[in-house]
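# Observations on the three-dimensional arrangement
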Amino acid sequence: MPGSRFAKPLQALLLSAAMLAMAQARAGQGAQLAWLRDGKVEQVSLSDAAPAQPMASSAANERVPLGSLWKIFVYAYLVDTHARESAYTCSTSSQADPAGEDRYCCDPGQSIARDPALAQSCAPYFAPARLGITATRWTAMWKRYSQAPWLLDMAHLGPETEASVTDILEALQSMPPQARKEARAALLQTGVEGYGRDAWPQLGSGIRYKTYSWHRPDGSAFGGAAGWLADGTPFWFGARGSSRAALASWSAPLAKALPEPRWREAGHANGDASCVDVDFFARYPLRAVWKGDARAQPGTLNGSYRLQFANGNWLTIDSRGELMLTGNEAAQPAITGRMTINDYVARVVDREGGAEPVQAARALAVAARSYLLQNAHFEGACWHIADSSQTQRVSPNPPTDAALAVAWFTDDIVLTGVPVHYHGNAAGTNRLSWKAAKDQANTGWSFERILGQAYPKAALAGAGGHSECTRLDAAETWLAHAASGWNKRLEREPGFEALDATPNICALEQG
């Protein structure tokens, strides 16, 4: 997906657009925010003049228009049923598109696929008639996940349908795991380049949402967004005005009012299969690894350990099962680790800089993720890199909550177009100085501005498409169907636990 340039004229243009949108939205009433966590809906009203105020529990039963949110549920249906629908081709004639919907999809005569259609809110793409979705099949699929009357009846798939905030949140929570995972990936574009682009520096990219706009019975515009926080918590936001105006206007109060995600649950909640294999202490050979007074046995490390290096230094580390010890008394011990990309990025932030000041830390997180994808090798379905000052140093300890928050705030965002480097105190061409970044953050610079200064010719882009995996769709479809039968047999076996989502199946480059 194309990146957003750091050029100053574009920044000024976006700032002007954001200020105009904010002024338009401020002319209306306040905004509302709700989320569903631990079975409880919480709803607050937003204001610039005061902290978010809790609303009466009855407010969650207020009926609001779906707007474009219906499209995300059609998207989920397509994912869950392993559909292989054709792309949508935009008409070359205005007579064939009297409502002008194609303008959200593609240029005349061009085509659009499923993921960009969701991000760009292309209504014709998701029309059930085009996709051949019958009411019977629709109801049968959604009955497996939800009992919401409006969701079970395909006749309600339209922007004018009204549902309670609670029903919308519960429907988002009930979405099949694989569908939510793929929707999150598709919706990154909405936040960073779509209608949320004025809001994403406040909200980050770990939050993913579908925007919507419609009108109230009195004719006034009403818009907002609904989706998931990084840990899978579903949320809904609505305010007077279009979705873009509402997000631009309310992004700062919204960022403050949203509940803090449970960062350590984020990877599991999103079915995150991305991984990084790290060779720890690549330039500092180990002599022995101790657990208490005894040598640690080769295998998975759980708990606290003391590392004795060949140069005489000692280090105490903690592991939660992500580190592996190899070697024995006859062979030099070595420690490797396997972790998700955001866990890796957070450990780099802890080791190479720190989680404060937060804007500098966010810039470092983007640089660290970019460096990983530019320099690591892709082996055995994981990125592989050494922990070394010649690459980037990685903390062997679990990341701090603050560093995880920084990594997830910049989830999937990388720099493209230039080789990315950074240093503790020496700036240079395409090289971020951590010292300078801290100074800039302390004077009020945002992480985008810090990155723009360090990498003036770079572009921000989503890393979601940066993968060495060539998906085998037919194999994944076969496995998904076969697994349902296997699960029925295996669920009777002690200890069996079904996967939340079908694994990706990738083509080997050779062999």
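Details of the structure are given in the entry above.
Residues numbered from 1 in each chain as written. Predicted model: local features only at pLDDT ≥ 70, side-chain atom pairs only at ≥ 80, totals over all residues. Heavy atoms only, no water.

The full count for this structure, using the stated rule, is 16 salt bridges. With its nearest N and O atoms 2.7 Å apart, the salt bridge here joins Glu322 to Arg347. With Glu322 in strand S16 (residues 314-326) and Arg347 in helix H12 (residues 341-352), the pair connects residues that are 25 residues apart, well separated along the chain. For Glu322, a relative accessible area of 16% puts it in the buried group. A salt bridge links Arg347 to Asp343; the nearest nitrogen and oxygen atoms lie 2.7 Å apart. Placement of both Arg347 and Asp343 in helix H12 is noted, with a separation of 4 residues, approximately one turn of the helix. By the burial criterion, Arg347 is buried, and Asp343 matches it. Beyond isolated ion pairs, a larger network of salt bridges with shared partners links Arg184, Arg208, Asp411 and Asp412. (Salt bridge = Lys/Arg side-chain N within 4 Å of Asp/Glu carboxyl O. Helix = DSSP H or I, 4+ residues; strand = E, 2+ residues; numbered from the N terminus. Buried < 20%, exposed > 50% of the residue type's maximum accessible area, 1.4 Å probe, protein only.)

Another point: the state of the cysteines. Each disulfide is one covalent bond, formed between the sulfur atoms of two cysteines. Under the defined criterion, the tally for this structure stands at 3 disulfides. Between the sulfur of Cys105 and that of Cys122 lies a disulfide, 2.1 Å long from S to S. Sign of the S-S torsion, about 95° for the bond between Cys105 and Cys122, identifies this disulfide as right-handed. In this pair, Cys105 is assigned in the loop between strand S6 (88-89) and strand S7 (111-112) and Cys122 in the loop between helix H3 (114-119) and helix H4 (128-131), connecting sequence segments 17 residues apart. By relative accessible area, Cys122 is classed as buried at 0%. (Disulfide = S-S within 2.5 Å.)

With 7 of its 10 residues buried, helix H7 (residues 165-174) lies for the most part within the structure. When we look at burial in H7, the residues that qualify are Val165, Thr166, Ile168, Leu169, Ala171, Leu172 and Ser174.

Let's shift gears to the sheet that holds strand S10 (residues 221-228). Spatially, the 6 strands line up as an open sheet ordered S4-S3-S2-S11-S10-S9, and their pairing is antiparallel. Edge positions in the open sheet fall to strand S4 (53-54) and strand S9 (208-215), since each of these has one partner strand only. Sheet topology note: the S9/S10 ladder contains 8 bridges and is antiparallel. Opposite Thr211, over in S10, you have Ala225 as the bridge partner. Strands S9 and S10 of the sheet are contacted by helix H8 (residues 177-192), whose axis makes an angle of about 65° with S9. (Pairing = 2+ DSSP bridges. Contact = heavy atoms within 4.5 Å. Axes fitted to C-alpha atoms, helices over the stretch in contact; angles between N-to-C directions.)

On to a nonpolar patch on the surface, then. A cluster of nonpolar side chains, contributed by Trp478, Trp486, Leu490 and Phe496, occupies part of the molecular surface with about 430 Å² of accessible area. For Trp478, the location among the structural elements is in helix H17 (residues 473-490). Overall, the relative accessible area of 55% leaves Trp478 in the exposed class. (Patch = residues over 30% accessible without salt bridge, like charges linked within 9 Å, V, L, I, M, F, W, Y side chains within 5 Å. Areas by Shrake-Rupley, 256 points an atom, 1.4 Å probe, with all protein chains shown as cover.)

As a further point, take the nonpolar core. Of all hydrophobic cores here, the largest spans 69 residues; its most connected members are Ile335, Tyr344, Leu372 and Tyr455. The element best represented in this core is helix H13 (residues 358-375), accounting for 11 residues. Ranked by size, the runner-up nonpolar core spans 53 residues in total, among them Val64, Ala83, Trp142 and Ala179. (Core = buried A, V, L, I, M, F, W, Y, C linked by side-chain atoms within 4.5 Å.)

Along the polypeptide, Asp277 turns up in strand S12 (residues 276-279). The exposure class assigned to Asp277 is buried, which follows from its relative accessible area of 17%. Apart from the residues lying within four places of it in its own chain, the contact partners of Asp277 are Gly337, Arg338, Cys382, Trp383, His384 and Ile385.

In this section: the sheet that holds strand S13 (residues 286-291). Read from one edge of the open sheet, 8 strands run S14-S13-S15-S16-S17-S12-S19-S18, paired in mixed fashion. In the strand order of this sheet, the two ends are held by strand S14 (294-295) and strand S18 (377-379), each with one partner. Sheet topology note: the S13/strand S15 (residues 299-309) ladder contains 4 bridges and is antiparallel. Bridge pairing links Leu286 to Phe309 in S15.

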